[in-house]
Amino acid sequence: MNKLKQFGKTSFIYLLGTVFSKAAMFLLLPIYTQYLTPSTYGLYDLSITYNTLVFSILYLDIFGVIMRFMFDFEEKEKEKPIINGFIIFIASTILYTLVIFILSMFKIEGFNNPVYLFLVGVSTNLQQTVGFIARAFHKNKIFVVGGMIGTIITFCATFLFLVVLNKSYEYIYISTILGMLISSIYIWNKMKLFSKIKIANVDFSLLKEMQKYALPLSVNSAAIWFLTGFNRFIISNQLSLSSNGFYAVATKFSGIVNLVTTGFQMAFQELVFEDSHQDRKTLGIFYTRSFNTYISFLISGISLVLPFLNLGFPLIVDTTFSNAKVLIPLALLSAVFSSLSSFLASMLSALKKTNYIFTTTVQAAIVNVVVVVILINYLGVQAANISLVLGFGVIVFARLKLVNKFVQVKLNYKNLFANLLVFLVASLVFINYGALANVINVGVIFLLAVIFNKKLLLLFYKKIKE
């Protein structure tokens, strides 16, 4: 199977699961905005932000580490990194327990529910770990079905607690925990992981190598928080929890980007891990085509989706959160640049240059923090979006420059700026005009997108016919 067909098949499987999961979670937005106040939703969002910072650092992104090292072994030996990865997982859980306990003693706003936050962190990382193991064995359907089951449980439990039983926001944590645990149990049983975790496979040299690979990713997770989580912190403290609630709703819409990109990123990650031993020239050609196509696809996609969001926003979001609407275009653009940075991170991970991932994230985090601190009192919540776009823009160009030290990847600047122009037109119409103008704009955006991406579309069409 050639690369394009393999990439397409894997992407399609992941896309089905992602569309289902993200769509189901997106349907929770009307529930959140109707049954929670902006300040309550802002507090919940802030607590998840803080917790994500803690467990992302302490768990060392172990799920990705296990999968990466599994691709270094032949089929019969793929089990070796699993037990060594779970040793790191257990050590991280012990440390995570201590940190959550200590933080709860300081009565920090956002750590009001330490037990729930702890269970969210453990269940989330367990679900990701068993899921990534399934991916490494190419059991993509098990991974996707497990995620879908977890999503259904989370959605139904949230609906039951908030809508039927009229419970408080704390029950959102319980819903998340239930979904993650049941998803983990399903994948664990389907993969028969007990039979794959063998004491005989404990290898201290491999364990040390995995730790060495993981540590830069851990520090990178902290830097990523200053790219995303810090903005929620500054909004909550400089403005209000209600403002953070509006920002949280806007970023939920950026989940539309993640809905589409997650499948492609997972498929691309597996592909570059498998092909990491190929010659640099072949990789460079493949990376260049993939990256430029990805850029066009993403920016054209968010441009086309904006008119539909204009029509759907009043139906999805309660009027108490109407201030979130103007934040959506830049939230979508920041999500695009975030996806591009992850795309490039997959290339660096395949080359085992994870230290470069960290250094570029730090650069972007500094830009984000400086810009949002300067602009927050002048532009309000929109400052967080602007700083994120700039921050992720820095990370994309920095990583592209570093990738080119090892594999030549050429960015089509003309194509990039043409697509950004289309996005600008779509954003202006979205913010300033009503339903009719946005309906008309769909045709205009589609036509411009086809004209600007004609060469890429023709190339893709030829590859499909081969």
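The structure presented is a predicted model; accordingly, all values stated were derived computationally and were not measured. Sequence positions are assigned chain by chain, starting from 1 and proceeding in written order. Restriction of local features to residues with pLDDT of at least 70 applies here, the model being predicted, together with a cutoff of 80 or more for giving and counting side-chain atom pairs; totals for whole chains, interfaces and linings are based on all residues. Only heavy atoms go into the side-chain values, all of them from the structure, while hydrogens and water stay out.

**Points about the overall build of the chain**
Helix numbering and strand numbering both begin at the N terminus, where a helix is a DSSP run of H or I of at least 4 residues and a strand a DSSP run of E of at least 2. When its secondary structure is counted, the chain shows 20 helices and 0 strands. Classification of residues uses two cut-offs on accessible area relative to the type maximum, computed with a 1.4 Å probe and protein chains only: under 20% is buried, over 50% is exposed, and between them is partly exposed. A total of 466 residues make up the chain; the buried ones form 54% of that total. Residues are treated as being in contact if the distance between any of their heavy atoms lies within 4.5 Å. Long-range contacts, defined here as pairs at least 24 residues apart, represent 85% of the contacts in the chain between residues at least 6 apart. For the chain, the exposed area adds up to about 20700 Å²; of that, 69% sits on carbon and sulfur atoms. The Shrake-Rupley method, run with a 1.4 Å probe, gives the accessible areas here. Residue values count only the displayed protein chains as cover.

**Structural notes on helix H8 (residues 170-191)**
Compared with the 32 Å implied by 1.5 Å per residue over 22 residues, the 32 Å span of H8 between its first and last C-alpha is a close match. Packed against the buried residues of H8 are helix H2 (28-35), helix H3 (38-58), helix H5 (80-105), helix H6 (114-136), helix H7 (140-164) and helix H9 (193-196). Immediately downstream of H8, the backbone of Lys-192 shows phi near 50 degrees, a positive value. Under the convention used throughout, the expected extent of a helix is 1.5 Å for every residue step, that is, one less than its residue count.

**So, empty space enclosed by the protein**
Cavity and pocket criteria rest on a 1 Å grid covering protein atoms alone: a 1.4 Å probe that fits but cannot get out defines a cavity, protein on both sides within 12 Å along at least 5 of 7 lines defines an open pocket, and an atom within 4 Å of a point defines a lining residue. Grid points are joined across faces, edges and corners, and a volume is the space filled by probe spheres set on the points. Tallied over the entire structure, the rule returns 1 cavity of 30 Å³ or more. The volume enclosed by the largest cavity comes to roughly 40 Å³. Mapped onto the lining of the largest cavity, the elements with two or more residues apiece are helix H14 (280-316), helix H15 (328-350) and helix H17 (382-403). Looking at the lining of the largest cavity residue by residue, the class counts come to 9 nonpolar, no polar and no charged. Each residue receives one of three labels: charged for Asp, Glu, Lys and Arg, nonpolar for Ala, Val, Leu, Ile, Met, Phe, Trp, Tyr, Cys and Pro, and polar for the others, Gly being one of them.

**As for the nonpolar core**
Within soluble globular proteins, side chains that are nonpolar generally end up buried alongside one another. By nonpolar core we mean a set of buried residues, namely Ala, Val, Leu, Ile, Met, Phe, Trp, Tyr and Cys, connected to one another through side-chain atoms within 4.5 Å. Of all hydrophobic cores here, the largest spans 126 residues; its most connected members are Tyr-41, Phe-253, Phe-291, Ile-328 and Leu-340. Of the residues forming this core, the biggest block, 14 residues, is contributed by H14. If near-sequence neighbours (up to four positions away) are discounted, Tyr-41 is found in contact with Leu-29, Tyr-32, Leu-36, Gly-245, Ala-248, Val-249, Lys-252 and Phe-321.

**Considering the packing of aromatic side chains**
Only the six-membered ring of Trp is used, alongside the rings of Phe and Tyr, when aromatic pairs are assigned; centres must lie within 6.5 Å, and planes under 30 degrees apart are stacked while those over 60 apart are edge-to-face, with the rest tilted. Applying the stated criterion across every chain yields a total of 27 aromatic pairs. Relative to Tyr-173, the ring of Tyr-169 has its centre 6.1 Å away and its plane inclined at 65 degrees; by these criteria the two rings are edge-to-face. Grouping residues by exposure puts Tyr-169 and Tyr-173 together as buried. Clustering of aromatic rings is evident, with ring pairs tying together Tyr-32, Tyr-41, Tyr-44, Tyr-116, Tyr-169, Tyr-173, Phe-246 and Phe-321. Each ring is checked for a lysine NZ or an arginine CZ that lies within 6 Å of its centre and within 35 degrees of its normal; such an atom marks a charge sitting over the ring. Stacked on the ring of Phe-137, the Lys or Arg Lys-196 has its end atom at 5.5 Å from the ring centre. When the ring centre of Phe-430 is taken as origin, the NZ or CZ atom of Lys-325, which lies over that ring, is 5.6 Å away.

**A word on the confidence of the model for the chain**
Across the chain, the average pLDDT comes to 85, with 87% of residues at 70 or higher. The element-level mean pLDDT for the chain is lowest in helix H20 (residues 454-465), coming to 59, with H8 highest at 96. Per-residue confidence from the predictor is reported as pLDDT, a score between 0 and 100.

**Focus: unusual backbone geometry**
Phi at Asp-61 takes a positive value of approximately 50 degrees, unusual for a residue other than glycine. With respect to the helices and strands, the residue Asp-61 is situated in the loop between H3 and helix H4 (62-70). Within the chain, Lys-192 stands out as a residue other than glycine whose phi angle is a positive 50 degrees. Along the chain, the position of Lys-192 falls in the loop between H8 and H9.

**Re the pattern of salt bridges**
Each reported salt bridge corresponds to a side-chain nitrogen of Lys or Arg within 4 Å of a carboxyl oxygen of Asp or Glu. If you walk through the whole model with that rule in mind, you get 4 salt bridges. We note a salt bridge from Asp-72 to Arg-68, for which the minimum N-O separation is 2.9 Å. In this structure, Glu-79 engages Lys-198 in a salt bridge whose closest nitrogen and oxygen atoms are separated by 3.0 Å. Here Glu-79 is found in the loop between H4 and H5, whereas its partner Lys-198 is found in the loop between H9 and helix H10 (204-225), with 119 residues between them in sequence. Accessibility expressed as a relative area gives 16% for Glu-79, which makes it buried.

**Things to note about the packing of H15 against helix H18 (residues 413-432)**
Between two packed helices, what matters for the description is the angle formed by their axes and the separation of those axes. For helices, the fitted axis covers only the stretch in contact; all axes are lines through C-alpha atoms, and the angles between them, taken along N-to-C directions, range from 0 to 180 degrees. Relative to each other, H15 and H18 sit at 155 degrees, their axes nearing to 9 Å. The angle between the axes of H15 and H18 places the two elements in the roughly antiparallel class. On H18, the residues touching Ile-328, Pro-329 and Leu-333 of H15 are Leu-420, Phe-423, Ser-427, Phe-430 and Ile-431. Along the lines of polarity and charge, the residues of the contact of H15 with H18 split into 7 nonpolar, 1 polar and no charged. Orientation is classified from the angle alone, with under 35 degrees giving roughly parallel, over 145 giving roughly antiparallel, 65 to 115 giving roughly perpendicular, and any other angle giving oblique.

**Considerations on the packing of H3 against H10**
Running from N to C, H3 and H10 point in directions that differ by 165 degrees, and their axes come no closer than 8 Å. Of the possible angle classes, the one that applies to H3 and H10 is roughly antiparallel. Considering the relative orientation of H3 and H10, their crossing is left-handed. On the side of H3, the interface is formed by Thr-49, Tyr-50, Leu-53, Ser-56 and Ile-57, while H10 contributes Ser-218, Ser-221, Ala-222 and Trp-225. Across the contact of H3 with H10, the residue classes break down as 5 nonpolar, 4 polar and no charged. Left-handed describes a crossing whose near helix is turned anticlockwise from the far helix by less than a right angle; the clockwise case is right-handed.

**What to know about the environment of Lys-252**
Along the polypeptide, Lys-252 turns up in helix H12 (residues 241-253). With 79 residues separating them along the chain, Lys-252 and Ala-331 place their C-alpha atoms 8.9 Å apart. With near-sequence residues (within four places) excluded, Lys-252 lies in contact with Phe-26, Leu-29 and Tyr-41.

**As for the side chain of Thr-158**
Summarising the element assignment, Thr-158 is placed in helix H7. Looking at Thr-158, the relative accessible area reads 1%, which means it is buried. Once residues lying within four places of it in the same chain are set aside, the contact partners of Thr-158 are Leu-28, Tyr-32, Val-163 and Ser-175.

**Details of the environment of Ala-134**
Checked against the element boundaries, Ala-134 lands in helix H6. Linking Ala-134 and Lys-190, residues 56 residues apart in sequence, is a C-alpha distance of 9.1 Å. Excluding anything up to four places from it in sequence, Ala-134 contacts Lys-139, Phe-143, Ile-187 and Met-191.

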